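Remarks on the overall topology
Residue-level listing of the chains:
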Amino acid sequence: MTVRIAVIVGTRPEIIKMAPVYRRLVSNGAFDVSLVSTGQHREMSRQAFSAFDISPSTELDLMTDGQTLGLFASRALGSLSRFLEDSKPDVVLVQGDTTTTLAASLAAFYLKIRVGHVEAGMRTGNIYSPWPEEMNRRLTAPLSSWHFVPVERNRDHLVKEGIPADRCFLTGNTVLDSLLWMRDKLAQQPTDRIGLLKRLKATPEFLDRYLIERSAPLILVTGHRRESHGQGVQNLCVAIKQLVTQFPDLGVLFPVHPNPQVRNVVHQHLANFDRVVLSEPLDYGDFVWVMDRCYAIISDSGGIQGEAISLNKPVLVTRDTTEYPEAVECGGCQLVGTESSTIFSVAAKLLTDQTDYQRRSSVQNPYGDGNSSVKIAEILERELTSA
Ligand code: UD1
Ligand code: UDP
């Protein structure tokens, strides 16, 4: 009998990192695969699905503006429980550490459906950083039967928490699969200058100078972590203002996360600030294109830490902890916290000290070779279809 797998996602990073797994499972032919979205993110989910030319077979459309953790979790648990009761898949696959990840794992557990966890075992050791993601991924672990770990260290974390070592499968991080796939796709296309101008909300001069001719340095910025809402986001904006004031050649592109806690503060501080472009969240293709062309990145994103070091772009991580310690150890990423003076001084050093810049932009990526989804599909085939 064909094994039925429900791949459940809800946010932009889950879709980006799960898309190659979903596509590989479908092409494998051994499974009946469905793609389910909670719609925890609305516009950003649509963008991410379309970047990979896929669409969910079931869209639960659960996002509300300014949703709270508890209320979204309860809605997701209810809707996913009903979906799983009706569709009865044999296996549920989840990714990462979002509310969707935890709600899907718990809903599956209540129905005794086995769970596979992609990007398992990443830890910072602090349940409030990132919050609530560190707790979401810890709670997902005991609910799962297969743990697909990016690096050995992730297996060690899980074993310490009582997960059997032989249930942890070393696969690398699927973020590399997505990144390399998109980079190849972009390499085969001409630059869509008119489209980029519209989507980046940049002037032709800004686009040419910072991204096409690249005659001056561009810093790409993102930020969304809940623990930085309020003062952290404000401090980031202050640091950006100081940087563009101090460095008259510098450009900044900031695709702003739609969470009102981020969007309102960023627009209040940085709208109409010279050489700072605020855009909507970018399509994954545009974002990879910009990452590949920028000078450096300031971000609190998890996934971007993995991607940027593969593109040889230094990242100032505006957090106190990271679940990507390898990216810091190899020198590509640096934790800078959320004080504006530290963000400013570390970025200023990167802009002025070429030895420092060279060291941090030529590192070995520890997260795999872009074949993680192939490995995950092979493991599931072996585990689920052999007699
Ligand atoms: C969520 C995840 C976080 C992940 C991040 C990626 C949790 C608790 N948080 O955080 O782990 O790193 O996504 O971006 O699971 N919004 C829109 N349109 C969208 C998406 C969001 O308007 O397409 C706005 C809505 O007002 C929404 C708010 O952003 O209520 C917050 O979304 P939510 O998914 O709860 O939190 P994120 O901060 O996006
Ligand atoms: N990303 C994107 N468009 C943007 C910003 C980010 O496609 O405007 C991609 C980025 O390349 C990475 C993922 O979204 O793959 C990271 O998402 P996010 O920072 O929202 O979540 P996190 O990684 O922190 O969970």
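Here the residue index of a chain counts from 1 through its sequence in written order. Throughout, the order in which chains and ligands are written sets their labels, letters from A for the former and numbers from 1 for the latter. Under the rules for a predicted model, residues below a pLDDT of 70 receive no local features and side-chain atom pairs below 80 are neither given nor counted, while totals for whole chains, interfaces and linings still include all residues. Neither water nor hydrogens contribute to the side-chain values; these are computed over all heavy atoms in the structure.

1. As for the pattern of salt bridges
A pair is scored as a salt bridge if a Lys or Arg side-chain nitrogen falls within 4 Å of a carboxyl oxygen belonging to Asp or Glu. The tally for this structure, following the rule as stated, stands at 28 salt bridges. Note that E134 and R138 form a salt bridge whose closest N and O atoms lie 3.3 Å from each other. In this pair, E134 and R138 both sit in helix 5 (residues 133–143), four residues apart, roughly one turn of the helix. Here's how the labels work: a residue is buried when its accessible area is under 20% of the maximum for its type, exposed when over 50%, partly exposed in between, all with a 1.4 Å probe on protein chains only. Relative accessible area serves as the criterion here: at 0%, E134 is assigned to the buried category. The exposure class assigned to R138 is partly exposed, which follows from its relative accessible area of 27%. Residue R199 is joined to D192 by a salt bridge in which the shortest nitrogen-to-oxygen separation is 3.3 Å. Classification of R199 as partly exposed rests on a relative accessible area of 30%. Here the residues in one salt-bridge network are D97, E134, R137, R138, R319 and E323, joined through shared partners. Secondary structure elements are defined from DSSP: runs of H or I of at least 4 residues count as helices, runs of E of at least 2 residues count as strands, and each element is numbered from the N terminus.

2. Description of the site of ligand 2
Summary of the distance rule: residues count as near a molecule or strand when at least one heavy atom falls within 4 Å of that molecule or strand. Near ligand 2 there are 16 residues, and of these R12, L282, S301, G303 and E307 occur at the shortest range. Identification of polar contacts relies on pairs of N or O atoms within 3.5 Å, with a donor-acceptor requirement for protein atoms, meaning one able to donate a hydrogen and the other able to accept it, and with residues adjacent in sequence counted only if both atoms are side-chain atoms. In this structure, S301 approaches ligand 2 through a side-chain N or O atom, which is 2.9 Å from an oxygen atom. At 2.8 Å from an oxygen atom of ligand 2 is found a main-chain nitrogen or oxygen belonging to G303. Among the residues forming the shell around ligand 2, the class breakdown is nine nonpolar, four polar and three charged. In this classification, Asp, Glu, Lys and Arg are treated as charged, Ala, Val, Leu, Ile, Met, Phe, Trp, Tyr, Cys and Pro as nonpolar, and every other residue, Gly included, as polar.

3. So, helix 1 (residues 12–28)
Relative to the 24 Å expected for 17 residues at 1.5 Å per residue, helix 1 spans 24 Å between its end C-alpha atoms, a close match to the ideal helical length. The sharpest bend along helix 1 reaches about 40 degrees and sits at M18, with the proline P20 one to four residues further on. Among the residues of helix 1, E14, I15, I16, K17, M18, A19, P20, V21, Y22 and L25 are the ones counted as buried. Each helix should span, by expectation, one fewer than its residue count multiplied by 1.5 Å. Note that bend, as reported per residue, equals the angle between axes fitted to the 7 residues terminating at that residue and the 7 residues originating from it.

4. So, unusual backbone geometry
At the junction of S129 and P130, the peptide bond is cis and its omega measures out at -10 degrees in the coordinates. Secondary-structure assignment places P130 in the loop between strand 5 (114–118) and helix 5. Cis geometry marks the peptide bond from W131 to P132; its omega dihedral reads 10 degrees. Mapped onto the elements of the fold, P132 is located in the loop between strand 5 and helix 5. Positive phi outside glycine occurs at D53, with the angle close to 55 degrees. Looking at the element boundaries, D53 is found in the loop between helix 2 (43–51) and strand 3 (58–59).

5. Quick notes on the sheet that holds strand 3
Two strands are counted as paired when DSSP detects at least two bridges linking them. On the basis of which strands lie adjacent, the open sheet formed by seven strands has the order 3-2-1-4-5-6-7 and parallel pairing. The sheet is open, and its two edges are formed by strand 3 and strand 7 (168–170), each paired on a single side. Across seven bridges, the pairing between strand 1 (residues 3–9) and strand 2 (residues 31–37) is parallel. For V7, the partnering residue across the bridge sits in strand 2 and is L35. Any two residues whose heavy atoms approach within 4.5 Å at even a single point are treated as in contact. Comment: axis = line fitted to C-alpha atoms, over the contacting stretch for helices; angle = value between 0 and 180 degrees taken between N-to-C directions. Those strands touched by helix 4 (residues 99–110) are strand 1, strand 4 (91–95) and strand 5, and its axis lies near 160 degrees from that of strand 4. Those strands touched by helix 17 (residues 372–385) are strand 1, strand 2, strand 4, strand 5, strand 6 (146–149) and strand 7, and its axis lies near 160 degrees from that of strand 6.

6. Some points on the nonpolar core
Soluble, globular proteins show a tendency: their nonpolar side chains are buried together. Among buried residues, the Ala, Val, Leu, Ile, Met, Phe, Trp, Tyr and Cys ones that are joined through side-chain atoms within 4.5 Å form a nonpolar core. In terms of nonpolar packing, the biggest core is built from 70 residues, with I5, V7, L25 and L380 touching the most fellow members. Residue contacts for L25: discarding those within four places in its chain leaves I5, V7, F31, V33, L93, A377 and L380. Within the second largest apolar cluster, 33 residues are counted, among which are V233, L250, V266 and L270.

7. Some details on the sheet that holds strand 13 (residues 333–335)
Through backbone hydrogen bonds, the strands of a sheet pair up, either in parallel or in antiparallel fashion. Taken together, the six strands give an open sheet; going across it, the order is 10-9-8-11-12-13, and neighbouring strands pair in parallel fashion. Among the strands making up the open sheet, the edge pair consists of strand 10 (276–279) and strand 13. Between one strand axis and the next, the sheet turns through 20 degrees on average, direction left out of account. Pairing geometry for strand 8 (residues 218–221) and strand 11 (residues 296–299), over three bridges, is parallel.

Remember, this is a structural readout, not a statement about activity or role.
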